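# Overview (structure and organization)
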Amino acid sequence: MARFDPRGKVNRALLVGVPEYAFKQPEHSTGVSGDLKAVEHNLAQLASSLREGGVFSEDGITVARPRTVDEFDRRLGAAVDAAEGLLLLYFSGHGAVPSTGDELWLLMRRATIVPGAESVFLGAVPWKSVLTVLSRSRAEHVVVILDCCYAGNASAAWDALDTAQRQRTSLLMSVQANNRIDAGDDDTPTPFTGQLVRFLRDGLHGQGGEVGFDELADRLRAHMSAHYGTLREPPEPWEPQSRSAPGAGVLLAAPPLSDAPPPKPPGGPVGPGDGRPGRWPVRHVRLVRAGRSGRRDMGIRPGPRTFGPLTGRRLAAVVGVPTAIAALIIGGLAVIDGGNGAACKPPLELRLLTDPDLEPTVRRAAEAYLTSQENVTDGACRRSGITVYSAGAAAAIAAFNRQSDPWQRPAGDDNNPQRDIGPQPDIWIPAQSADVGRARTATSERTYVDLRPDFEPFAYSPLVLAVPQNLAAEAASERVGSLAALTAALKNRADIRRTDPEYTDAGLLATVGLYGSGQPDQATAEHSVAQTGPPSRTGADLLCALPGDEADGRTAVLVPEFLLHTGTGCDSITRARRMAAYPADVPGLSPTFVRVSWRGADRDEKVRSDAVERFHSWLTGNAAGKATAGKNGEQASAPQAAGGLAVFGKDGFRSASGPHRPLGAGIVFSDFGALENPGQLIGTVRPEAMDKALKDYREANGPGRVLFLLDSSGSMGALWEGPGGAPGIIGQSLAGLGERDEYGVWGVATEPGGGRAYSEVLSFGTHEREQARRTVDATAKVKDLEADPYQALVAALDDMARRGTDDHRPQLIVYLTDDEDNNRLTEGGRLSTLLATAREKKIPVVMASLDSGGCDKGKPDAAVSEASGGRCLDTKGDLVARLRDEVARTGTGGEG
């Protein structure tokens, strides 16, 4: 899609800054830590750069220094009402998060902190409410830029937005979640805004030109991580975060070209080429919070130091913050709701982890609970909030089973569930009740987590073979049978597909069925569902990925039954109508409520446990699924579900007990091709069967081969150092490879005089993983040369094709690049030739672009990955985690 160009439209920019605070310590014990003089420079310079940027008119820019929440609300409301093209909101000032949750609060001028057992912030704006107000704007695109402590904590609320709002809202955050930043010198802008202004005014490369949101975010992240450090142990780059609206980018500035050298902000950072490293006098601190667990570090990559029980004075000594503030961090923070004059402290936030296939339904249930009578006090305040998130099912099992210690305190890049899964959950809803047994450690092993599941699941959805209507059997009796019989009936008429067994329980349960359906071996079973490219991650993805053409009409898919009702978000694509056939020997989904508690997390144990039980009662109150009895004890009607079960019923789930009657009143199963009563179906499976199927899947075709191509050209210099740099990303990807897998690394940079387009960084073969990482770190070097991705990829395809001549082992090529040299990929007829070679060799290529738009439709990266049957990954998503998943699918040594 073309980038959204707002020039000529009715655009509005609201620049909010709080340089001075009315109540400060030590004069006021309830005050904030101090003024932020640099914010005044932020407002002046950012307003100036926007005026010169060609997008906002003089009267389209408003600078506000709100004293109160009401004043902020009025200013925001006016901007929301006026904007029709682009709405830009900028905030710079004090930001804070409560100790009992991670939500960001923006402090206005008259903000105070009232100490006590349940301390509260007065005069602060909750970030979630800002997003709610922005959602009613008529603007075609909304951009928010936050320069404050804990700015990265804003990402969670953006992630929870509905699809429509995410598609027009872009978010730029000055620092990672749970990090404080200092404002720097009082006579200059803050480090982040100083560089932001510089890019907007002078262009992304110091030569003027247009500035788009995605490119700006990438350049800021690269520059800040390269030129600023933190005082963490070990050191960590300062990495601004962003969330981009999927699809089209947005133009923020198009300044005229200038012959004058680009000005530097006074006293600001010195950029590359200035002859000396640029540093602001910034103090970065690490906050350790004693809330959920005494050992939990709120940083993304915590250091090795272990702290004892924390008091306000002890925390102040550790991180160098005022003692009063530290005491409040330990004691918990809360805020005035501001609604109708009634004071509500922030509700306790519960964290709920679930299976990716279940996430949309669980999220709808949680949203319904938040406003239910069971979750509202007599004073009309919410008792608790719920953050719903999902992670790959196999990775979640491994994290509970073997990684509960690093889940509380990550110890390295290989083993960091906080990064790969999410925060430590209070509630886990796996898609199969057998997952609890798989997640528990052996009695002799040390664990820091306790899982307490219900005795029975609370809902059920059978796994079905969704067959195109033109191929499906009409008689109900012919639509129920063994998986082998159902697939045999489709032989030579339809292809069979299932989702990724690593990512969802449904994919793994389908694999259990495939391996037990009379196939002579796992390789043959895998061949029966083989496809071009990797399997879809979720059932909804699979249903939407099938093209609306002849291929769609001859493809049957193994998915949970409820997705035939809810998984239709791609109806804009012409899809074949499907009917459900029921494999009676394949286990279905049986969502189960699991209470999760963590060793040492006893500070708010009772109140947290009460909140979990309250939600549990609402969600599973009718879990027994008792139906209205008819004559002679027959089942006469569907169970009358209420609370959360009503939400699950509306989405097409069944009762967990008895004959699995529909939970939802008024749901007509035949309307979406399902049978209301398919007969007796399997609901449970032994944990050992799921574990064996996953192991067999990983080893079905033997050990894998992976060749990594690492762009080592000069433009990669700003994306090279640290765990998040290019060699570090390669190193993290090795976690999915085992001792029998073969792999190697090439550095891609063309030697002078038309020499070879690559050099060997790690020889191809089997390796001990840690030694391989050390070799890559020591050998991979940025070179002052250009890359030739065409020659490197052609050579890689030829090399891997030669290695796979005599076997059918899984193979993968990974090319990690910033896309700066993609012009050498597209010149002449090179791209067409490369695509033809990729189709011929049939070796999947993962194009991993460090450019957020690298995988946009029509880009070379997207074309190469599609032609080869691989995936295209860019920084709009979690590139590192997704790349690690792709490599693990090829290898046999996956951690999860």
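Residues numbered from 1 in each chain as written. Predicted model: local features only at pLDDT ≥ 70, side-chain atom pairs only at ≥ 80, totals over all residues. Heavy atoms only, no water.

## Here's the deal with the overall build of the chain
The test is simple: Counting from the N terminus, the helices are the DSSP runs of H or I reaching at least four residues and the strands are the DSSP runs of E reaching at least two. Burial classification: accessible surface area is computed with a 1.4 Å probe over protein chains only, and a residue below 20% of its type maximum counts as buried, one above 50% as exposed, and the rest as partly exposed. Values of accessible area rely on a 1.4 Å probe in the Shrake-Rupley scheme; residue burial ignores everything except the protein chains shown.
Secondary structure assignment for the chain yields 29 helices and 27 strands. For the chain, the proportion of its 896 residues judged to be buried stands at 58%. Here the chain has roughly 35500 Å² of accessible surface; of this, 49% comes from carbon and sulfur atoms.

## Brief notes about the sheet that holds strand 18 (residues 495–498)
The condition is simple: Strands pair, by our definition, only if DSSP identifies at least two bridges between them. By definition, residues are in contact when any of their heavy atoms lie within 4.5 Å. All axes here are fitted lines through C-alpha atoms, helices being fitted over the stretch that makes contact, and every angle between N-to-C directions spans 0 to 180 degrees.
Spatially, the five strands line up as an open sheet ordered 17-20-16-19-18, and their pairing is mixed. Lying at the two open borders of the sheet, with one neighbouring strand each, are strand 17 (480–481) and strand 18. Examined bridge by bridge, strand 18 and strand 19 (residues 555–560) share four bridges and lie parallel to one another. Its bridge partner lying in strand 19, Ile496 is registered against Ala556. Where helix 16 (residues 505–515) meets the sheet, its contacts fall on strand 16 (463–468), strand 18 and strand 19, and the angle it forms with strand 18 comes to roughly 130 degrees.

## Points about the pairing of strand 12 (residues 348–354)
The criterion, for reference: Here is how to tell: hold the view so the strands point away, follow the path from the first strand over the helix to the second, and if it runs clockwise the crossover is right-handed.
Across the seven residues that make up strand 12, a large majority, seven, are buried. Because side chains alternate across strand 12, one face comprises the buried residues Leu348, Leu350, Leu352 and Thr354, and the other comprises Glu349, Arg351 and Leu353, equally buried. Pairing of strand 12 with strand 13 (residues 384–390) involves seven bridges; the strand directions are parallel. Opposite Leu353, over in strand 13, you have Tyr389 as the bridge partner. Regarding the hand of the β-α-β motif, the stretch spanning strand 12, helix 10 (residues 359–370) and strand 13 is right-handed. Pairing of strand 12 with strand 14 (residues 427–429) involves three bridges; the strand directions are parallel. When the bridges of strand 14 are listed, Leu352 appears paired with Ile427.

## Observations regarding the state of the cysteines
What counts is decided by this rule: Only a pair of cysteine sulfur atoms within 2.5 Å qualifies as a disulfide here.
According to the stated counting rule, one finds one disulfide in the structure shown. For Cys855, the disulfide goes to Cys872, at an S-S distance of 2.1 Å. Of note, the bridge from Cys855 to Cys872 carries an S-S torsion of about -90 degrees and is left-handed in sense. Taken together, the positions of Cys855 in the loop between strand 26 (845–849) and helix 28 (860–868) and Cys872 in strand 27 (residues 872–873) put the pair 17 residues apart, joining distant regions of the chain. Left unpaired, Cys148 is separated from the closest cysteine sulfur, that of Cys149, by 7.0 Å. Judged by relative accessible area, Cys148 falls into the buried class, the value being 2%.

## A word on the packing of helix 10 against helix 20 (residues 605–620)
What describes two packed helices is the angle between their axes and the distance between those same axes. As a reminder of what qualifies: In this scheme, roughly parallel covers angles under 35 degrees and roughly antiparallel covers those over 145, while 65 to 115 is roughly perpendicular and the rest are oblique. Lys, Arg, Asp and Glu make up the charged group, whereas Ala, Val, Leu, Ile, Met, Phe, Trp, Tyr, Cys and Pro make up the nonpolar group; the residues left over, Gly among them, are polar.
Across the interface, helix 10 lies against helix 20 with an axial gap of 11 Å and an inter-helix angle of 110 degrees. On the basis of their axis angle, the class for helix 10 and helix 20 is roughly perpendicular. Where helix 10 approaches helix 20, its residues Ala365, Ala366, Ala368 and Tyr369 are matched on the opposing element by Ala611, Arg614, Phe615, Trp618 and Leu619. Among the residues forming the contact of helix 10 with helix 20, the class breakdown is eight nonpolar, no polar and one charged.

## Quick look at helix 22 (residues 687–698)
How we decide: A helix is expected to reach a length of 1.5 Å times the quantity of its residues less one.
For helix 22, spanning 12 residues, the distance from its first C-alpha to its last is 17 Å, which sits close to the expected 16 Å at 1.5 Å a residue. For helix 22, the complete set of buried residues consists of Met690, Ala693, Leu694, Asp696, Tyr697 and Arg698.

## Brief notes about the nonpolar core
Here is the rule: Note on terminology: a nonpolar core comprises buried Ala, Val, Leu, Ile, Met, Phe, Trp, Tyr and Cys residues joined through side-chain atoms within 4.5 Å.
Counting residues in hydrophobic clusters, the biggest one holds 83 residues, and the most contacted among them are Leu15, Trp127, Leu134 and Leu216. Setting aside chain neighbours within four positions, we find Leu134 in contact with Leu76, Val80, Leu87, Leu89, Val142, Val144 and Arg168. One finds Val362, Leu471, Val559 and Phe593 within the second-largest nonpolar core, a separate group that totals 78 residues.

## Some remarks on the pattern of salt bridges
Two side chains carrying opposite charge are able to pair once their charged atoms lie near each other. Test applied: Throughout this description, the term salt bridge denotes a Lys or Arg side-chain nitrogen within 4 Å of a carboxyl oxygen of Asp or Glu.
Enumeration according to the criterion identifies 45 salt bridges in this entry. Asp435 is the salt-bridge partner of Arg438, the closest N and O atoms lying 3.0 Å from each other. Taken together, the residues Arg438 and Asp435, both in helix 14 (residues 435–439) and three residues apart, mark about one turn of the helix. Neither residue differs from the other here; Arg438 and Asp435 are each classed as buried. Of the charged contacts, one joins Asp691 and Arg438 as a salt bridge, the two residues approaching to 2.7 Å between their closest N and O atoms. On the criterion of sequence distance, the pair formed by Asp691 in helix 22 and Arg438 in helix 14 is long-range, its members being 253 residues apart. Each member of the salt-bridge network shares a partner with another, and the members are Glu786, Asp788, Arg824, Glu827 and Arg830.

## As for the confidence of the model for the chain
Short version of the rule: What pLDDT conveys is the predictor's confidence in a given residue, as a value from 0 to 100.
When pLDDT is averaged along the chain, the result is 79, and 81% of the positions lie at 70 or above. Mean pLDDT across the secondary structure elements of the chain bottoms out at helix 8 (residues 312–319), with 27, and peaks at strand 14, with 97. The model gives residues 257–342 a pLDDT under 50, and that stretch makes 217 contacts with residues more than four places away or in other chains. Segment residues 622–639: pLDDT under 50, and 31 contacts once partners within four positions in sequence are set aside and those in other chains are kept.

## What about unusual backbone geometry?
Cis peptide bonds are those with omega within 30 degrees of zero, and the linkage from Gln25 to Pro26 qualifies with 5 degrees. By secondary structure assignment, the location of Pro26 is in the loop between strand 1 (12–17) and helix 1 (38–52). Positive phi outside glycine occurs at Asn492, with the angle close to 70 degrees. Take Asn492: its relative accessible area is 76%, and that puts it in the exposed class. At Lys842, a position not held by glycine, the phi torsion is positive, near 60 degrees. Here Lys842 is to be found in the loop between helix 27 (830–841) and strand 26.

## Considerations on the packing of aromatic side chains
Note the cut-off: For Phe, Tyr and Trp, where Trp contributes only its six-membered ring, two rings pair if their centres lie within 6.5 Å, and the inter-plane angle classes them as stacked under 30 degrees, edge-to-face over 60, or tilted in between.
Scanning the model with the defined rule gives 12 aromatic pairs in all. With a centroid separation of 6.2 Å and 45 degrees between ring planes, the pair formed by Phe593 and Phe615 is classed as tilted. Residue Phe593 is located in the loop between strand 20 (578–583) and strand 21 (594–598), and its partner Phe615 is located in helix 20; the two are separated by 22 residues in the primary sequence. Relative to Phe653, the ring of Phe648 has its centre 4.9 Å away and its plane inclined at 65 degrees; by these criteria the two rings are edge-to-face. An identical accessibility class is assigned to Phe648 and Phe653; each is buried.

## Side note on the sheet that holds strand 26
Strand order in the open sheet formed by six strands is 24-23-22-25-26-27, and the pairing between neighbours is mixed. With partners counted over all chains shown, the strands left at the sheet margins are strand 24 (758–765) and strand 27, one partner each. Inspection of the sheet shows strand 23 (residues 742–748) paired to strand 24 by five bridges, in the antiparallel sense. When the bridges of strand 24 are listed, Gly747 appears paired with Ser759.

## A few points about the packing of helix 20 against helix 21 (residues 643–650)
Across the interface, helix 20 lies against helix 21 with an axial gap of 3 Å and an inter-helix angle of 45 degrees. Relative to helix 21, the element helix 20 is oriented oblique. Contact residues: Trp618, Leu619 and Thr620 in helix 20; Gly643, Gly644, Leu645, Val647 and Phe648 in helix 21.

## Things to note about the side chain of Ser461
Rule in force here: Here a polar contact means two N or O atoms within 3.5 Å. Within protein one must be a hydrogen donor candidate and the other an acceptor candidate, and residues neighboring in sequence count only if both atoms are side-chain atoms.
Locating Ser461 in the fold gives a position in the loop between strand 15 (449–453) and strand 16. Within the local environment of Ser461, its side chain forms a polar contact with the backbone nitrogen of Glu561, the two atoms lying 3.4 Å apart. Setting aside its immediate chain neighbours within four residues, Ser461 contacts Pro560, Glu561, Phe562, Gly588, Leu589 and Phe653.

## Focus on helix 16
The buried count for helix 16 comes to 11 of 11 residues, which makes it a mostly enclosed element. By the burial criterion, the buried members of helix 16 are Asp505, Ala506, Gly507, Leu508, Leu509, Ala510, Thr511, Val512, Gly513, Leu514 and Tyr515.

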